[in-house]
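What the coordinates show
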Amino acid sequence: MRTFFTALVLAGVLATGARAATYDEKLATCFACHGEKGISETSEVPSLAGMPADFTLIQLFLFRQGTRKVEIMNDIAKDLTDDDLRKLGEYFSKLPPPQASGDAPDPAIAERAKAAIAKHHCASCHNPNFSGREQMPRLAAQREDYLLKALRDYKSAQRPGYDATMDEVIRPITEADIVDLSHYLARLR
Amino acid sequence: MKLAPVAPPPIPTAADKLPDIAGKLKLQKGFNIEVYASGVANARSMRQGDKGTIFVGSRLQDKVHAIVEKGGKREVKVIASGLHRPNGLAIKDGTLYIAELSKISKIEKIEDNLDNPPKPTMVYDNLPKDEPHGWKFIAIGPDNKLYIPVGAPCNICEPPDTHAQIRRINLDGSGMEVVARGVRNTVGFDWHPVSKELYFTDNGRDWVAEDVPEDELNRVTKVGQHFGFPFCHQGDFLDPEFGWGKSCDSTEKPVMKTGPHSASLGMRFYTGGNFPAKYKNAIFFARHGSWNRTKKVGGDIVAVFLNKDGTVKSTETFITGFLGPDNNYIGRPVDVLFAKDGSMLISDDFNGAVWRVTHGNPKSAAVK
């Protein structure tokens, strides 16, 4: 599935050929994986709807610079201008955020997750309802497989943060915490 | 509680959108401040070459910038890119040393090759790769050795033997020796012009309380001294977790406490030039400003006057106002550098700009 999307998106990017892609064409590229309304249905790809504008701008900057390494995103971001980064950040911040559906979190897991959240001060930055703000992403109702991936990538230092805040915060967080937090946050209403 | 680090925007503030610093900052009488350069993304540590070029490192960009004056015009150019957190710079005999997160490299004859600089070559890479406090300030001491800090890889933890220290190496990368231990994260140091003793700022831990611990200004009087981390902070405060069974008496006390969470970063001694005589051999340091505190502190430049014995005589708030009355920053000072023309340059990683402070009549019409 992932390979298919990669091929699809790259085909779209390459189809513009020597001509520089317009902003609308660049925006359309996002939808293939992140969903037309910014709600992702792709494994390990985040929903972007309702993300703080600064967060999206900064992550695109990191992809463009190569500090955050995800091949397909590095390819897509390398031709984005500073203005594109600003506009894409604004665009996704204005889309209605994802809503959790399906089962409520498992009560025992939710208890453990809430304890970890208090201990590691997660809500101090990401907000008590996990809507995110400024450079800190919305986590509420994010895809569980993406939350797992993001936290594990920070933990293994595969993903260096913009500043080193998450690198510092993740240090005492265990794999068991990561599983609990991802379960809970993905189902947060 | 709602506290979070303040992220500098990755895109520098456009020249025409820079804050009105001349109007908003408060300086000591007789001093002026103006824009020296804009478009220096995430400007951090600064050094000046013998021919006058100002080099600027970065923590969040992969680039080192040079600010060059040519025929009355100032130009900002990239001299190295593709680097990982090239925060620290040092310069000696025409060679620029660049400190990335886990690597020191150099470019020889940099000022002769600003238009087409060669790629940096490796000097030393026996350094940990931890991201937390991994970015570095570096400097070459009066002993002609390169001083390199290795910060604690955490907010608070028992650091491995390789961390929470300042090391020095020969300029060819050999002869590593640990100069100071128990240093959580220093992002600024310099040597007293007379005593040649090393003074350094150090950033205290987060999440204990609003008012403790304070950051520190320290002095190394003997190689190998321990400055307290992780068990003793600010010279007299035992860590709630790591302080059990320990005493602050076994560690060096700071010569000055520099404010809780204030993020005391770049510091230099003023040796002479355009400023009044009372500032000779005084320390100037930048307080980047806090995040882990409800009412923020810092966002200023502090001058410290020393006694003959190297202790602190008095302090003066030299410039305030980067932190506004609304608890928001209009800029964030990182490093201070005394340029050869006697002025003081201040890097600002929030705006991606460099400010210039002069004494007496403003020399430039750029002041708004």
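Figured I'd write up the structure that's included with this text.

Thresholds, definitions, all that
Residues numbered from 1 in each chain as written. Chains lettered and ligands numbered in written order. Predicted model: local features only at pLDDT ≥ 70, side-chain atom pairs only at ≥ 80, totals over all residues. Heavy atoms only, no water. Core = buried A, V, L, I, M, F, W, Y, C linked by side-chain atoms within 4.5 Å. Buried < 20%, exposed > 50% of the residue type's maximum accessible area, 1.4 Å probe, protein only. Helix = DSSP H or I, 4+ residues; strand = E, 2+ residues; numbered from the N terminus. Contact = heavy atoms within 4.5 Å. Buried area = accessible area lost by both parts, 1.4 Å probe. Salt bridge = Lys/Arg side-chain N within 4 Å of Asp/Glu carboxyl O. Polar contact = N/O pair within 3.5 Å; in protein donor to acceptor, adjacent residues only side chain to side chain. Nonpolar A, V, L, I, M, F, W, Y, C, P; charged D, E, K, R; others polar. Pairing = 2+ DSSP bridges. Axes fitted to C-alpha atoms, helices over the stretch in contact; angles between N-to-C directions.

Here's the deal with the nonpolar core
Across soluble globular proteins, nonpolar side chains show a tendency to be buried alongside one another. With 25 residues, the main nonpolar core has Phe275(B), Phe284(B), Phe318(B) and Met344(B) as its most contacted residues. Of all elements in the fold, only strand E2 (31-38), strand E23 (283-287), strand E24 (300-306), strand E25 (312-320), strand E26 (333-338), strand E27 (344-348) and strand E28 (353-359) of chain B reach the threshold of two or more residues within this core. In terms of nonpolar packing, the next biggest core, distinct from the first, is built from 23 residues, Ile58(A), Leu80(A), Leu88(A) and Ala7(B) among them.

Re the interface of chain A and chain B
Taken together, the 24 residues of chain A in the interface contact 27 residues of chain B. In total, chain A and chain B occlude about 2200 Å² of area from one another, counting both sides; carbon and sulfur atoms represent 60% of this. When the buried area of chain A at its contact with chain B is split by residue, Tyr162(A), Glu168(A) and Arg171(A) rank highest and sum to 28% of it. Inspection of the chain A/chain B interface yields zero salt bridges. Where chain A touches chain B, the interface holds eight residue pairs in polar contact (both at pLDDT 80 or more). At the level of elements, helix H3 (53-65), helix H5 (82-93), helix H7 (122-126) and helix H9 (165-170) of chain A are the ones that each hand at least two residues to the side of chain A that touches chain B. For the side of chain A that touches chain B, the residue count by class is nine nonpolar, eight polar and seven charged.

As for the pattern of salt bridges
Oppositely charged side chains may form a pair once their charged atoms are brought near each other. Residues and elements named next belong to chain A. Overall, the coordinates contain 31 salt bridges over all chains when judged by the stated rule. Across the pair arginine 86 and aspartate 83 runs a salt bridge whose closest N-O atoms are separated by 3.0 Å. You can see arginine 86 and its partner aspartate 83 sitting in helix H5, three residues apart, about one turn around the helix. Looking at arginine 86, the relative accessible area reads 38%, which means it is partly exposed.

Considering the environment of Asp341(B)
All names here are of chain B. Secondary-structure assignment places aspartate 341 in the loop between E26 and E27. Linking aspartate 341 and glycine 52, residues 289 residues apart in sequence, is a C-alpha distance of 9.1 Å. A polar side-chain atom of aspartate 341 sits 2.7 Å from a polar atom in the side chain of serine 343.

What about the sheet that holds E27(B)?
Residues and elements named next belong to chain B. Taken in spatial order, the four strands line up as E2-E28-E27-E26 in an open sheet, and their pairing is antiparallel. On the outer flanks of this sheet lie E2 and E26, each paired with one strand and no other. Each neighbouring strand pair of the sheet contributes to a mean axis angle of 25 degrees, computed without reference to strand direction.

Points about unusual backbone geometry
In this model, Val212(B) is joined to Pro213(B) through a cis peptide bond whose omega is -10 degrees. Within the fold, Pro213(B) resides in the loop between strand E16 (198-202) and strand E17 (214-220). The backbone phi angle of Phe130(A) is positive, close to 60 degrees, even though this residue is not glycine. Although it is not a glycine, Asp93(B) adopts a positive phi angle of roughly 50 degrees. The residue Asp93(B) is located in the loop between strand E7 (88-92) and strand E8 (95-99) in this model.

Scope: geometric values only; no functional claims are made or implied.
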